[in-house]
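A structural walkthrough
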Amino acid sequence: MSEPVLSVRAVRKVFRAGRGTNVVLDDLSLDVTEHEVVVLVGASGSGKSTLLRCVNLLETIDDGAIYLEGRHITDPRVKPDPVRQRIGIVFQSFNLFPHLTVLDNVTLAPRRVHRLTSGQARSRALALLDRVGLADKAAEYPDRLSGGQQQRVAIVRALVNAPRLMLLDEVTSALDPELVGEVLALIRDVKEQGMTMLIATHEMAFARQVADRVCFLDRGRILEEGTPEQVLGAPREPRTRQFLQRIVEAGKL
Amino acid sequence: MTVAAPATGYEPSALQRDRVAYRRRQTVRSVLVAAASTLVLGVLLLVAVTGAPGWERVRSSFFDPGVAWRALPDVLRGLWLNVQLLVFCATGALAVGLVAAILRTLRPAIFFPLRALATSYTYVFRGAPLIIVLYLFTFGVPGLRLTGTPPVLVLGGAALVIVYGAYLAEVFRAGIESVHPSQRAAARSLGLTYRQTMRHVVLPQAARRVAPPILNDLVALQKDVGLISLAGPIDAIRAAQIQTAQTYNYTPYVLAGVLFVLLALPLIAVTDWVTLRAARRQSAEHAA
């Protein structure tokens, strides 16, 4: 097996809140290999989003180390911008720039960061938008699109930079069920293309479909990991069973 | 999850200790760099100014402590007028500006005349030079020889209020319109009336956002209230001017300038503190 694209080693993250401290990630280790899709599940506050934010260096970790393609990226001497250029992230609430058209949202980084010419950036962006069925929306502003369309644009905005790793943070949580399908279909498509992904989600059905490996997070630790069939179908840990039970009760599995 | 961390045996790894030490060194280094560059710049400036061929002459005619001390009482008396005017004009201009801004954002058709009035008000008085408005009010209005014309001081203050109200109105309006429509929708959906929505949801957010530019305008106002001396009353600058005319020494001007800066400092500090505190309270997203 080749070197993992992402390697998280014994990471600790603490939020200081008022009097006490809150350990959000506790001695957490995780590898994601090339073309692998790892899905993080777990209750709110179990640390899924924080882990993604730490990988993208949006948060500084309090111990441990994170490696991207073998390079230590949480060394304070490492400049974060070049690291982020190799990672794509998609947020729960889209975070498209409302003052830019869809096309400008997608081409901003290619033009300004990756120094493509306007023409190159444009043709790449349009090709990708066409693939996700949004070529006709290129001139629209984000607020004029549906949530599902906005999230697909956000995914394209991350993909257009050809990242080595994609981080998806609850990308369907802000969408109504009708629109979830189109976004999940797109992510499956991205997986087919061989993208390496780390995904935090509440959609267990989706996790089953797309995951090569599912990690159940509880109190900042990976309590259980394995194939989707193992973790979601026949969990060993009582906490996992309890969590899945609640999801089943909520009718989400 | 708000479980307070039990102090159970977490020991930072060598890597983390290394990282913390590195960050601490970086902090120390940046403090040292800041200190060094400040020192170098300060020395350069000092040498450039005091080493200039005309420095002795400039010092005796701009920075003479004796002259400053003798001018102090008169300038302070003038400054007191500035302070009073500032308080009156700032209050008035904020009120006028807020009302004009709210009128400009009223949507219903029936308010068209009010909206038009508020709009033309901001157009005219942002364009009109302050000195001309001041002359119109302080010389023109008394010229009408109406009974009960208020004193020049009040008329001049009114001119300042009207001009600055127009500036502030636009700042407030920008703030009001920067509050996302979803906030209005959320408030109205709770059954709050338009007025309640403005009062409890929109304006508090708008005011916080526009506090820095409002402060800018207030500091500008603080300096412009002195223009009222064109109509007769003696403010700090005018007092300094009189002193200068008597002694042929510009130190009173410098003195007045220093006092103005000192006057602005608490205003700036308080506003910074208030906005900072609000921002910190709201962004405490990780607070338990």
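For chain B, the name recorded in an unreviewed UniProt entry is ABC transporter permease, with Rugosimonospora africana as its organism. Under the UniProt heading Subcellular location (unreviewed entry), the note attached to chain B is "Cell membrane". Taken from UniProt, the Sequence similarities (unreviewed entry) comment for chain B reads in full: "Belongs to the binding-protein-dependent transport system permease family. HisMQ subfamily."

The name recorded for chain A in an unreviewed UniProt entry is ABC transporter ATP-binding protein, from Rugosimonospora africana. Entered under Subcellular location (unreviewed entry) in the UniProt record, the comment concerning chain A runs "Cell membrane". Regarding chain A, the UniProt comment filed under Sequence similarities (unreviewed entry) reads as follows: "Belongs to the ABC transporter superfamily."

Turning to the overall build of chain B, a few remarks are in order. Broken down by element type, chain B carries 10 helices and 0 strands. Put simply, chain B runs from its N terminus to its C terminus through helices and strands in the order α-α-α-α-α-α-α-α-α-α. Against the globule reference of 19 Å for 288 residues, chain B gives a C-alpha radius of gyration of 27 Å, more extended than a compact globule. C-alpha extents for chain B along the principal axes are approximately 85 × 70 × 25 Å. Expressed as a percentage of the 288 residues in chain B, the buried residues total 24%. For chain B, contacts bridging at least 24 residues in sequence account for 75% of all contacts bridging at least 6.

Moving on to the overall build of chain A. Regarding its fold elements, chain A presents 9 helices and 10 strands. Taking 253 residues into account, the globule formula puts the C-alpha radius of gyration at 18 Å, and chain A, at 18 Å, falls close to it. Its C-alpha atoms put chain A at 55 × 45 × 45 Å along the principal axes. By the burial criterion, 43% of the 253 residues in chain A qualify as buried. Looking at chain A alone, contacts between residues at least 24 apart form 66% of all its contacts between residues at least 6 apart.

Another aspect to go through is the nonpolar core. Within the largest apolar cluster, 72 residues are counted, with the highest numbers of intra-cluster contacts made by A:Val39, A:Val55, A:Leu167, A:Leu168, A:Leu198, A:Ala207 and A:Val214. Non-local contacts of A:Leu167, meaning those with residues more than four positions away in its chain, are made with A:Leu52, A:Val55, A:Asn56, A:Ile87, A:Gly88, A:Ile89 and A:Leu198. Residues B:Cys89, B:Ala93, B:Ala100 and B:Ala118 belong to the second largest nonpolar core, which totals 39 residues.

A separate point is the confidence of the model for chain B. Counting all residues, the mean pLDDT for chain B is 87, and 95% of those residues have values of 70 or more. Long-range and interchain partners of residues 1–5 of chain B, a stretch whose pLDDT sits below 50, account for 12 contacts in this model, where long-range means more than four residues apart.

Following the UniProt record, one finds the feature "domain: ABC transmembrane type-1" (unreviewed entry) at residues 79–271 of chain B. Helix makes up 81% of residues 79–271 of chain B and strand 0%, with an end-to-end C-alpha separation of 22 Å.

In this section: the sheet that holds strand β1 (residues 6–17) of chain A. All names here are of chain A. Taken in spatial order, the 4 strands make up an open sheet running β2-β1-β4-β5, and their pairing is antiparallel. Two strands close off the open sheet at either side, each with one partner strand: β2 (20–32) and β5 (71–72). The strands touched by helix α1 (residues 48–55) within the sheet are β1, β2 and β4 (63–68), with β2 carrying the most contacts at an inclination of about 70°.

Residues and elements named next belong to chain A. The 6 strands lie next to each other as β6-β7-β8-β3-β9-β10, forming an open sheet whose pairing is mixed. Only two strands of the sheet have a single neighbouring strand rather than two, namely β6 (87–90) and β10 (221–226). Direction aside, the axes of adjacent strands within the sheet are offset by 20° on average. Note: β6 against strand β7 (residues 165–169), 4 bridges, orientation parallel. Among the inter-strand pairings, glycine 88 is bridged to a residue of β7, identified as methionine 166. Strands in contact with α1 are β3 (37–41), β6, β7, β8 (197–200) and β9 (213–218); relative to β8, the strand with the most contacts, it is inclined by about 145°. Against the sheet, helix α5 (residues 147–159) contacts β6 and β7, and its axis sits at roughly 170° relative to β6.

Along the chain, A:Arg16 turns up in strand β1. Spatially, the C-alpha atom of A:Arg16 lies 28 Å from that of A:Ala174, the residues being 158 residues apart in sequence.

The subject of this paragraph is the pairing of β9(A). In summary, the side chains of a regular strand alternate between the two faces of the sheet. With 5 of its 6 residues buried, β9(A) lies for the most part within the structure. Where β9(A) folds back onto β10(A) in an antiparallel hairpin, the turn is made up of 2 residues, including A:Arg219, whose phi is positive at roughly 50°.

When two helices pack together, their arrangement is given by the angle between their axes and by how far apart the axes lie. All names here are of chain B. It is at 8 Å that the axes of helix α3 (residues 65–105) and helix α4 (residues 112–127) come closest, and there the two elements cross at 130°. Relative to α4, the element α3 is oriented oblique. By crossing handedness, the relation of α3 to α4 is classed as left-handed. On α4, the residues that touch Ala100, Leu103 and Arg104 of α3 are Leu114, Arg115, Ala118, Thr119, Tyr121 and Thr122. Looking at the contact of α3 with α4, its residues break down into 5 nonpolar, 2 polar and 2 charged.

All names here are of chain A. Even without glycine at this site, histidine 35 takes up a positive phi of about 65°. The residue histidine 35 is located in the loop between β2 and β3 in this model. For histidine 35, a count of 13 C-beta atoms within 10 Å translates into the label partly exposed.

Moving on, we come to helix α6 (residues 177–192) of chain A. Residue and element names in this part refer to chain A. Compared with an ideal rise of 1.5 Å per residue, which puts 16 residues at 22 Å, α6 spans 23 Å between its outermost C-alpha atoms and is within 8% of the ideal. Turning to α6, its buried residues number three or more, namely Val183, Leu184, Leu186, Ile187, Val190 and Lys191. The buried residues of α6 occupy an angular sector of 155° when the element is viewed end-on, so they sit on one face. Opposite the buried face of α6, by more than 90 degrees, sit the exposed residues Glu178 and Glu192. Next to the buried residues of α6 lie β3, α5, β7, β8 and α7 (204–210).

Reading the values: rules and limits
- Counting starts from 1 at the beginning of each chain's written sequence and moves along it residue by residue.
- All chains are assigned letters beginning at A, and all ligands numbers beginning at 1, according to the order in which they are written.
- Confidence filtering applies because this is a predicted model: local features only for residues at pLDDT of at least 70, side-chain atom pairs given and counted only at 80 or more, and all residues used for totals across whole chains, interfaces and linings.
- UniProt positions are given in the numbering used here, feature names are shortened, and annotations may be inferred rather than shown by experiment.
- Each helix is a run of H or I in the DSSP string that is no shorter than four residues. Each strand is a run of E no shorter than two, and both are numbered from the N terminus.
- All radius of gyration figures rest on C-alpha atoms, and the globule criterion is 2.2 Å times the number of residues raised to 0.38.
- Exposed residues have 12 or fewer other C-beta atoms within 10 Å of their own C-beta, buried residues have 20 or more, and partly exposed residues fall in between, where C-beta atoms are placed from the backbone.
- Each residue is represented by a C-beta atom placed from its backbone, and any two residues with such atoms within 7 Å are regarded as in contact.
- Linking buried Ala, Val, Leu, Ile, Met, Phe, Trp, Tyr and Cys residues through C-beta atoms within 7 Å yields a set, and such a set is a nonpolar core.
- What pLDDT reports is the predictor's confidence in each residue, on a scale of 0 through 100.
- Strands qualify as paired when DSSP identifies two bridges or more between them.
- Fitted lines through C-alpha atoms give the axes, limited to the stretch in contact for helices. The angle between two N-to-C directions lies from 0 to 180 degrees.
- Angles below 35 degrees are treated as roughly parallel, those above 145 as roughly antiparallel, those between 65 and 115 as roughly perpendicular, and all remaining angles as oblique.
- For any helix crossing, the convention is left-handed if the near helix is rotated counterclockwise from the far helix by under a right angle, and right-handed if that rotation is clockwise.
- Under the grouping applied here, Gly and all other residues not named as nonpolar or charged are polar, the nonpolar ones being Ala, Val, Leu, Ile, Met, Phe, Trp, Tyr, Cys and Pro and the charged ones Asp, Glu, Lys and Arg.
- A helix is expected to span 1.5 Å multiplied by its residue count minus one.
- Here the arc refers to the set of directions running from the helix axis out to each C-beta atom.

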